[in-house]
Amino acid sequence: MMKTQFHALPFGAIALAVALFADGATTVAAENPTLKDVFKDHFMVGTAINRSIATGSAGFRRSLEFVEKDIALTKDQFNQITAENDMKWQLIHPREGADGYDFKPADAFVDFGVSNQMYLVGHTLVWHSQTPNWVFAGTNPPPASVGGVPGARPGRGVYTGPRASRDELLERMRDHIHTVVGRYKGRVKVWDVVNEAIADGAGTNILRESLWLQIIGPDFIARAFEYAHKADPDAILRYNDYGLENPVKRQKLITLIRSFKEQGVPVMAVGSQAHINVSTSFETMDQALTDMATLGLPIHITELDINTAASGQRGTGADIGANASLTEGGLISDADRKLADAYAGIFRAFIKHRDAVKVITFWGVNDAVSWRRSGSPLLFDGNNQPKPAFDAVLGVLTEPDFK
Ligand code: 9MR
């Protein structure tokens, strides 16, 4: 006779499955549904991973014991990973010159993904943030009136010294993209080629006032995509941004991507970060996806999390740099239930738009390692236990409308 198994259920009540045994007795067996399996016919479900997870070492406020649990959860639940930080310019290419690269952590990320048969996303090649000063430095004086980047907030380390020429900066960009994309060719399948280049707010400027824009001009985005396409013609090249739940910012994205398509720029997917709060409803996400789908490109939800911090419940129009600090003041009341409701709503929208939505990436494995951990924004708590939001997400598929 079959042995009766009765595990404690680590993955919530939805894990219950009734098994009928040969002797006619019924018992309850644990069958742990996972995100990657439950949604396998809809989209990939992934997570950003930090260096500790990629390398199997203590760090990021986690002892080795916890890191090992984070690794187990990552392998269990997700079939796609993104490097949370280690492919950013500042980390992978801190110094000028051919020996200015530091590939070790990024190599560990890629090895981790390849050895666990995960779909790999590279994040990110060109960004206004986390880029070392040497990239922009040269002998041309900066415009006297701005002394740097208009709109840049003090204290955020924006380079204000003498600048490279357009050609110098393009050459540095080309070298960086060719080297990084070339190294991981065939293994990293998707690249965030340009990150967060769209301006916030209601102004008419589409592009953010970055040093990339000021030194190269508005074609810096097109050039970046061309270099990346040359470096790996098979890679899916993504434009990635946040706040696209906001109709004003979304319209800027649509205008920008349409113009790229008209010019033949090889942009192949739209990345919507989706760092949202609990007021983002099914309707909001449905409208955002409906609008973005008119571009005819696959949509990837690239950095999903839902802030439940009391101070983080505001609109989607502001700079994400400010959003980072909005995790104070404790959690909203009934945070777990509101988080579950919000996740269920947006997953209904993702499923409705499954023809367009191909990848959903959570921005972190659990609340303890999240960039906005005080906002408890993910499906697993700091002990890697599933929260009510996990069951709510899995439950969406069994609702009558979502068969
Ligand atoms: O989660 C990332 C955090 O660990 C870093 O300190 C921060 C700065 O590099 O970047 C965070 O990730 C950001 C991502 O790269 C781009 N979109 C916004 C994310 C949250 O700030």
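Structural data are supplied above this passage.
What counts, and where the lines are drawn
Residues numbered from 1 in each chain as written. Predicted model: local features only at pLDDT ≥ 70, side-chain atom pairs only at ≥ 80, totals over all residues. Heavy atoms only, no water. Helix = DSSP H or I, 4+ residues; strand = E, 2+ residues; numbered from the N terminus. Buried < 20%, exposed > 50% of the residue type's maximum accessible area, 1.4 Å probe, protein only. Contact = heavy atoms within 4.5 Å. Core = buried A, V, L, I, M, F, W, Y, C linked by side-chain atoms within 4.5 Å. Axes fitted to C-alpha atoms, helices over the stretch in contact; angles between N-to-C directions. Left-handed = near helix turned anticlockwise from the far one by under 90°. Nonpolar A, V, L, I, M, F, W, Y, C, P; charged D, E, K, R; others polar. Near = heavy atom within 4 Å. Polar contact = N/O pair within 3.5 Å; in protein donor to acceptor, adjacent residues only side chain to side chain. Pairing = 2+ DSSP bridges. Expected span 1.5 Å × (residues − 1). Arc of directions from axis to C-beta.

Draft legend 1. View of the side chain of Ser-272. Note that Ser-272 resides in strand S9 (residues 269–272). With a relative accessible area of 1%, Ser-272 lands in the buried category. Among all residues touching Ser-272, those that are not within four sequence positions of it are Asn-240, Asp-241, Leu-244, Glu-245, Met-292, His-300, Ile-301, Thr-302 and Glu-303.

Draft legend 2. Expanded view of the nonpolar core. If you look at the biggest cluster of nonpolar residues, it comprises 110 residues, and the most contacted ones within it are Leu-35, Trp-191, Leu-304, Tyr-343 and Phe-347. It is helix H12 (residues 335–352) that contributes the most residues to this core, 11 residues altogether.

Draft legend 3. The packing of helix H6 (residues 166–183) against helix H8 (residues 220–231), seen in detail. Packing of H6 against H8 brings their axes to within 9 Å, and their N-to-C directions diverge by 35°. Between H6 and H8 lies a crossing whose hand is right-handed. Seen from H6, the contacting residues are Leu-170, Met-173, Arg-174, Ile-177, His-178, Val-181 and Gly-182; seen from H8, they are Phe-220, Arg-223, Ala-224, Tyr-227, Ala-228, Lys-230 and Ala-231. Broken down by class, the residue content of the contact of H6 with H8 amounts to 9 nonpolar, 2 polar and 3 charged.

Draft legend 4. Just the site of the ligand, in detail. As a matter of local geometry, the ligand sits amid 14 residues, with Glu-84, Lys-88, His-123, Glu-196 and Glu-303 nearest to it. Between the ligand and Gln-273, the relevant distance is 3.1 Å, taken from a nitrogen atom to a side-chain nitrogen or oxygen of the residue. Interatomic distance of 3.0 Å between a side-chain N/O atom of Trp-363 and an oxygen atom of the ligand. Of the residues that constitute the shell around the ligand, the class distribution is 4 nonpolar, 6 polar and 4 charged.

Draft legend 5. Examining unusual backbone geometry more closely. Between His-123 and Thr-124 the backbone carries a cis peptide bond, its omega angle lying at 0°. By secondary structure assignment, the location of Thr-124 is in strand S5 (residues 119–127). In this model, Phe-60 sits at a positive phi of 50°, which is unusual for a non-glycine residue. With respect to the secondary-structure elements, Phe-60 resides in the loop between helix H2 (51–55) and helix H3 (64–77).

Draft legend 6. Structural view of the pairing of strand S4 (residues 80–83). Burial of S4 is two-sided: the residues Gln-80 and Thr-82 facing one way and the residues Ile-81 and Ala-83 facing the other way are all buried. As paired elements, strand S3 (residues 44–49) and S4 share 4 bridges and run parallel to each other. Within S4, the position partnered with Ile-49 by the bridge is Ala-83. As defined by bridge partners, S4 adjoins S5 across 3 bridges and the pair is classed as parallel. Residue pairing for S5: Thr-82 is matched across the bridge by Val-121.

Draft legend 7. Expanded view of helix H10 (residues 282–293). A rise of 1.5 Å per residue sets the reference length of H10, with its 12 residues, at 16 Å; its end C-alpha atoms lie 16 Å apart and thus fit the reference within 8%. Of all the positions in H10, only Met-285, Asp-286, Ala-288, Leu-289 and Met-292 are classed as buried. Viewed end-on, H10 has its buried residues packed into an arc of 165°, placing them on one side of the element. Summarising the contacts, the buried residues of H10 are in contact with helix H9 (247–263), S9, strand S10 (275–277), strand S11 (299–307), H12 and strand S12 (357–362).

Honestly, it's all geometry; don't read function into it.
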